[in-house]
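Given next are the chains, with one letter for each unit.
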Protein chains: 2
Amino acid sequence: MYRTHTCGHLRITDVNRIVTLSGWVQTIRKFGAISFVDLRDRYGITQLLFGEELQPLLDVHPLGREFVIQVKGFVQERENKNAHLATGDIEVLVSEFDILNTALVPPFTIQDDTDGGDDLRMKYRYLDLRRNVVKKNLELRYAITRSVRNYLHEQSFIEVETPFLIKSTPEGARDFIVPSRMNEGQFYALPQSPQTFKQLLMVSGYDRYFQIVKCFRDEDLRADRQPEFTQIDCEMSFVEQEDILNTFENMIKRIFKDVKNLDYEEPIERMSWEDAMWRFGIDKPDTRFDMELTNIKTLFQNSKSKSYPELIAGTDFPVFNQAETVIALVAPECGFYTRKQTDELTEWVKRPQIGMQGLVYIKCNADGSYKSSVDKYFDEEKLQAIAETCGARAGDLILLLAGKEEKTRKAAGELRLEMARRLNFRNTETFKLLWIIDFPLFEYDDSSNRWVARHHPFTAPKKEQIAVMLNNDPSIKNAENYLAHPFAEIKANAYDLVLNGNEVGGGSIRIFQKDLQEKMFTALGMSKEDAMQKFGFLMNAFEYGAPPHGGIAFGLDRLCSIIGGSESIRDFIAFPKNNSGRDVMLDAPSTIEDEQLKELNLQWRGK
Amino acid sequence: MYRTHTCGHLRITDVNRIVTLSGWVQTIRKFGAISFVDLRDRYGITQLLFGEELQPLLDVHPLGREFVIQVKGFVQERENKNAHLATGDIEVLVSEFDILNTALVPPFTIQDDTDGGDDLRMKYRYLDLRRNVVKKNLELRYAITRSVRNYLHEQSFIEVETPFLIKSTPEGARDFIVPSRMNEGQFYALPQSPQTFKQLLMVSGYDRYFQIVKCFRDEDLRADRQPEFTQIDCEMSFVEQEDILNTFENMIKRIFKDVKNLDYEEPIERMSWEDAMWRFGIDKPDTRFDMELTNIKTLFQNSKSKSYPELIAGTDFPVFNQAETVIALVAPECGFYTRKQTDELTEWVKRPQIGMQGLVYIKCNADGSYKSSVDKYFDEEKLQAIAETCGARAGDLILLLAGKEEKTRKAAGELRLEMARRLNFRNTETFKLLWIIDFPLFEYDDSSNRWVARHHPFTAPKKEQIAVMLNNDPSIKNAENYLAHPFAEIKANAYDLVLNGNEVGGGSIRIFQKDLQEKMFTALGMSKEDAMQKFGFLMNAFEYGAPPHGGIAFGLDRLCSIIGGSESIRDFIAFPKNNSGRDVMLDAPSTIEDEQLKELNLQWRGK
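Quantities reported herein were computed from a predicted structural model and do not represent experimental measurements. (Residues numbered from 1 in each chain as written. Chains lettered and ligands numbered in written order. Predicted model: local features only at pLDDT ≥ 70, side-chain atom pairs only at ≥ 80, totals over all residues. Heavy atoms only, no water.)

Q: Please clarify how the overall build of chain A should be interpreted in this entry.
A: Across its full length, chain A carries 16 helices and 23 strands. In chain A, which comprises 607 residues, the share counted as buried stands at 58%. When contacts within chain A are restricted to residue pairs at least 6 apart in sequence, those whose partners lie at least 24 apart make up 68%. For chain A, the computed accessible surface area is about 25100 Å², with 47% contributed by carbon and sulfur atoms. Measuring between centres, the 77 positive side-chain charges of chain A sit 1 Å from its 92 negative side-chain charges. (Helix = DSSP H or I, 4+ residues; strand = E, 2+ residues; numbered from the N terminus. Buried < 20%, exposed > 50% of the residue type's maximum accessible area, 1.4 Å probe, protein only. Contact = heavy atoms within 4.5 Å. Areas by Shrake-Rupley, 256 points an atom, 1.4 Å probe, with all protein chains shown as cover. Lys, Arg positive; Asp, Glu negative; His and termini not counted. Charge placed at Lys NZ, Arg CZ, Asp CG, Glu CD.)

Q: Would you take a moment to explain the relation of the copies chain A and chain B for this structure?
A: Here two copies of a chain appear, and what relates them is a rotation about an axis with a shift along it. It takes a turn of 180° to lay chain A on chain B, together with a shift of 0.0 Å along the axis; the resulting RMSD is 0.1 Å. Expressed as a symmetry operation, the mapping of one chain copy onto the other fits a two-fold axis. (Least-squares fit on C-alpha atoms with pLDDT ≥ 70 in both.)

Q: Help me understand the sheet that holds strand β21 (residues 502–509) of chain A in this model?
A: Two orientations exist for strands paired in a sheet by backbone hydrogen bonds: parallel and antiparallel. Residue and element names in this part refer to chain A. Spatially, β6-β9-β10-β22-β21-β20-β17-β11 is the arrangement adopted by the eight strands of the open sheet, whose pairing is mixed. Of all the strands in the sheet, just β6 (158–159) and β11 (269–272) have a single pairing partner and so form its edges. When strand β20 (residues 494–499) meets β21, the two strands line up antiparallel, connected through six bridges. Residue pairing in the sheet places Leu-499 in a bridge with Asn-502 of β21. Against the sheet, helix α4 (residues 132–154) contacts β6, β9 (208–216) and β10 (228–237), and its axis sits at roughly 150° relative to β9. Its contacts with the sheet place helix α7 (residues 273–280) against β11 and β17 (433–437), and it is angled at close to 90° to β11. (Pairing = 2+ DSSP bridges. Axes fitted to C-alpha atoms, helices over the stretch in contact; angles between N-to-C directions.)

Q: Can you help me understand a negative patch on the surface in this one?
A: On the surface, Asp-367, Asp-379, Glu-380 and Glu-381 of chain A cluster together into a negatively charged patch. For Asp-367 of chain A, a relative accessible area of 63% puts it in the exposed group. (Patch = residues over 30% accessible without salt bridge, like charges linked within 9 Å, V, L, I, M, F, W, Y side chains within 5 Å. Salt bridge = Lys/Arg side-chain N within 4 Å of Asp/Glu carboxyl O.)

Q: Just to check I follow, could you spell out a positive patch on the surface for this structure?
A: A surface patch of like charges, here positive, comprises Arg-217, Arg-222, Arg-225 and Lys-284 of chain A. In this structure, Arg-225 of chain A sits in the loop between β9 and β10.

Q: What is the right way to read helix α10 (residues 380–390) of chain B from this model?
A: Residues and elements named next belong to chain B. Along α10, the residues classified as buried are Leu-383, Ile-386, Ala-387 and Cys-390. Seen end-on, α10 carries its buried residues on one side only, within an arc spanning 100°. Residues of α10 that are exposed and point over 90 degrees away from its buried face: Glu-381 and Glu-388. The secondary structure elements touched by the buried residues of α10 are β12 (294–297), β13 (325–331), β14 (360–364), β15 (370–372) and β16 (397–403). Backbone geometry just downstream of α10 places Gly-391 in the positive-phi region, at approximately 75°. (Arc of directions from axis to C-beta.)

Q: Any chance you could explain the sheet that holds strand β22 (residues 549–555) of chain B here in plain terms?
A: Residues and elements named next belong to chain B. If you walk across this open sheet you meet the eight strands as β6-β9-β10-β22-β21-β20-β17-β11, and the pairing is mixed. Strand pairing shows two members of the sheet lacking a second neighbour, β6 (158–159) and β11 (269–272), which therefore form its edges. Together, β11 and β17 (433–437) form the strand contacts of helix α7 (residues 273–280), whose direction differs from that of β11 by roughly 90°.

Q: I would appreciate a short explanation of the packing of helix α13 (residues 514–523) of chain A against helix α14 (residues 528–541) of chain A in the present structure.
A: The description of two helices packed together rests on the angle between their axes and the distance between the axes. Residue and element names in this part refer to chain A. It is the contact of α13 with α14, at a shortest axis distance of 11 Å, that shows an interaxial angle of 155°. The orientation of α13 relative to α14 falls into the category roughly antiparallel. In this structure, α13 meets α14 at a crossing whose hand is right-handed. Residues Lys-514, Gln-517, Glu-518 and Phe-521 of α13 form the contact with α14, whose own contacting residues are Ala-531, Phe-535 and Met-539. (Parallel < 35°, antiparallel > 145°, perpendicular 65-115°, else oblique. Left-handed = near helix turned anticlockwise from the far one by under 90°.)

Q: Would you explain the packing of aromatic side chains in this entry?
A: The description of two aromatic rings rests on the distance between their centres and on the angle between their planes. Inspection of every chain in the model, using the stated rule, returns 65 aromatic pairs over all chains. Here the aromatic rings of Phe-256 of chain A and Phe-431 of chain A are separated by 5.0 Å at their centres, their planes lie at 50°, and the arrangement is tilted. Within this pair, whereas Phe-256 of chain A is found in helix α6 (residues 241–260), its partner Phe-431 of chain A is found in the loop between α11 (405–422) and β17, the two being separated by 175 residues in sequence. Using a relative accessible area of 7% as the deciding quantity, one classes Phe-431 of chain A as buried. Both rings, one in Phe-50 of chain B and one in Phe-97 of chain B, keep their centres 5.5 Å apart while their planes meet at 75°; by these two values the pair is edge-to-face. Taken together, the positions of Phe-50 of chain B in strand β3 (residues 44–50) and Phe-97 of chain B in strand β5 (residues 90–101) put the pair 47 residues apart, joining distant regions of the chain. On the basis of relative accessible area, Phe-50 of chain B is assigned to the buried category, the value being 0%. (Phe/Tyr/Trp six-rings, centres within 6.5 Å; stacked < 30°, edge-to-face > 60°.)

Structure (structure tokens):
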């Protein structure tokens, strides 16, 4: 037996016990003829005392950092207790020890603040995983999945495994494909999500399904995207949107309770997609702080957002006059910004990622006066009217962006987040949840002049708009005025759960009628044959008694990272890949033996 | 809201309630102007009563089998109660109904004894999954995984997800490979198991890891093998074999308690591999019944099995005299077998799958006399001696096989199972567990005249035999006498868990020393460079403080099927593949768009 106790177990009540411990040497401190060793395992650290009589043996078999040792000894009360350590009242006076394995000096320190860079830590991921911060992240991840499983079990959900070797249906993202040796010329694909399977399980009457499952997308990786990622995938039958929102509102609250002991008591706010876009410039607003946008001017008659064109009417400022949209944002207590600082902000919005032409500012001075970058066009009275409308107070800084509607709105949203970052409003210990609802069913894709599904092709239009969808020709005659097409107005029973400005979950009520599903595929530009070839099994299934159903999927990696207070999902994945999709520890992907390719009857294509 | 209650909920105490139910029409029975409908969902069946006043509406909107409907109504006590149904005391008098979806007539009946063949049921798997027997199987599977997760959680295990896109290391089985678009000319492989990752997690100090995870093997499929399958994968640090056997003995007992309410109280028997092979002719004996083999003659001096060569010594039967081995098996109460039946058994052992030359039988007559197929060579006294040694009693039939040792032993094991099948000894409601231990570390591969790992290359030899492995040259000079090589004697701390004659789990104590792991790869004929290229990350990890560790993996699909009392694992997988690795519902694998292949810079190789 390697141990009688773990390194986190022993307490003052264990004094006088003879124990055996095993673990890693964390530190060695020599004081004359005696040595103290901190012995570490997953459960904690126990101080070992090697007395004088063991020194000759230690001289022959010296210990080193990260050596794996086994010791037998006697638990005694410490002279200098350590209140920071659960085992800090005791130490083990070692009578025998055995070096189970030696260790080279690790290439970086096994500490919270390690000196190892990203690449080195990834190459030696098995050492990086020893660090307490990383271990805590994986423990948090496990705690979250356990909380989810317990909650869903209590709600009568059943976990069902769906297959990984499925059929390639290149809608949306790109599939990873897997050549089939036994079916020459054919390929499996790895699932981007179990979407169609969970819908089939509803047709099969499983009523409430979930699965915590790996999904795969062969996309060009942006920072913090992984080619394989984990979803909490859920589906329910005989439900409306309200049932799903309630079920999963309780799930996320349960997670916070179970893993953070946090009572998230208030109901989760619900906001329409339209409101989110106008009030925050983004479909996943961070509502830990206010700083709402004020829509001063809008081109579009049908905008539901209140605008205040009178504020800028009659002035001669050509930038505002020519702009489709003018949007204002108040940065609280930033009225003291210097010219250098406002110039720097101007440069920030002109970066290609943001792409604005410039930035107008109005400083609300402490004495009630105003100073702006457009003093030439706006007198004090006009500036005051803008400030009052935006809710700016003395000492605040108002930032104004003007340009094309969608671009300006998006830029204002980005600027809002950037100012919040600078003002330290994005506190990782504060958690703010939000449902975004009433998404448009379609988005317009100008490259192909057709509709694409905003969520996915299985999302249902709102009940009262089914007729609009069934009774209109989806083709867009006038690309310039696509917003006038009846499809532009169709909203979906789709919903996203947003946590601190990140989409952590999303789903929808699904289409469950064959004719509507066919119409959807047609609307997306798919031929009948193509739709049948790809999704025939689902449309056939809809003919044999498909119930109304809907679901949601959560991105587990992202959810863990936000709850864990980190920006990076990689810190919450045991063996992540880098931005080129490589596992640098394994050195994967790698070349394979030619024999393997031959068996698949494949070869490289010439350049 | 689609329902106030499920179809399994309502009881006599709910009488007078106004309720809304949704579900599938299971049956419709018309009695004059009224109709009874059984409404089904996952939770049960509730009887609906459509009164006279609804008939005109039903005539316009007739219901059909598997239609999805919603009804509102009044719970009332039934006149004819149904004791077989949880809801059998009540019925719902319908006041309003709505057809949510119609259904075509299913291509087979949705009943336990369906009229659908295998192919049809697989094509319409979503309908097959509606059948109660299949649903019960998936519920059992979920109950087993839940039981496992709860038990392992209580035992301080942590579930960690390991990657699916890894590196191809074609040892053992064939990998499924995944071309990498972002790393041209390179491939990922899908994991055959998370073996190396769980070992790295031990190096990282995670101490107790588990994962319920999909694994992949691109093998020619035998009946009841799936290219993707699920493992309960576990690993522990600072353990010896005994710790692992105890931990997982309790896990399997907990499963039986949780899902079958069965108290498996006796300790699980442990049997050495050597014993299993001699006593049962197989490394996974079915010990629900006895019928042990009797080893009468063995060629090998070093055999640990007791043999009785005196029983056949001095007779002139050339088949026995020339054979390496003679093995006897007693078929209880089969002494009445006719000549036709023994002939048929003889044909059975001569089938190519068994491959014996013939079969000798001895009938133990009720009157104490004997009748054998070798009366010419064996007198009554000799026959009686054999019968007594084998433990045969009056009325039994003794079957004897002779030939090459390994082949004969295996054939006798097969014949034992076949006789048990004929005698109905293989009762699916009886459960018998068995640990097989002390496996040989190596097997001799005569095609390449080298050693192969019996379990896998990470399995450690028994401690006391490490020196044998380190200090001997693995190369085999004399292929004829490979058993004389010191490696042939090395045993592993490897163990299989056998349930009713099926291997449901297997594992080992692992190598955790770099030098021993290197020696293992050398012994398996891998060059140093090759070993480093494939498993360098693991051997490097062993240099940074690797703890002693070991683990086990259970085949979840098989475990479910045996506990569920079925021969077929497919019945316990929601969307299984057929014997050609095809999903006939999806029609996968399938051809892909040429664009997809081009992006990967791949093309078909000419014939």
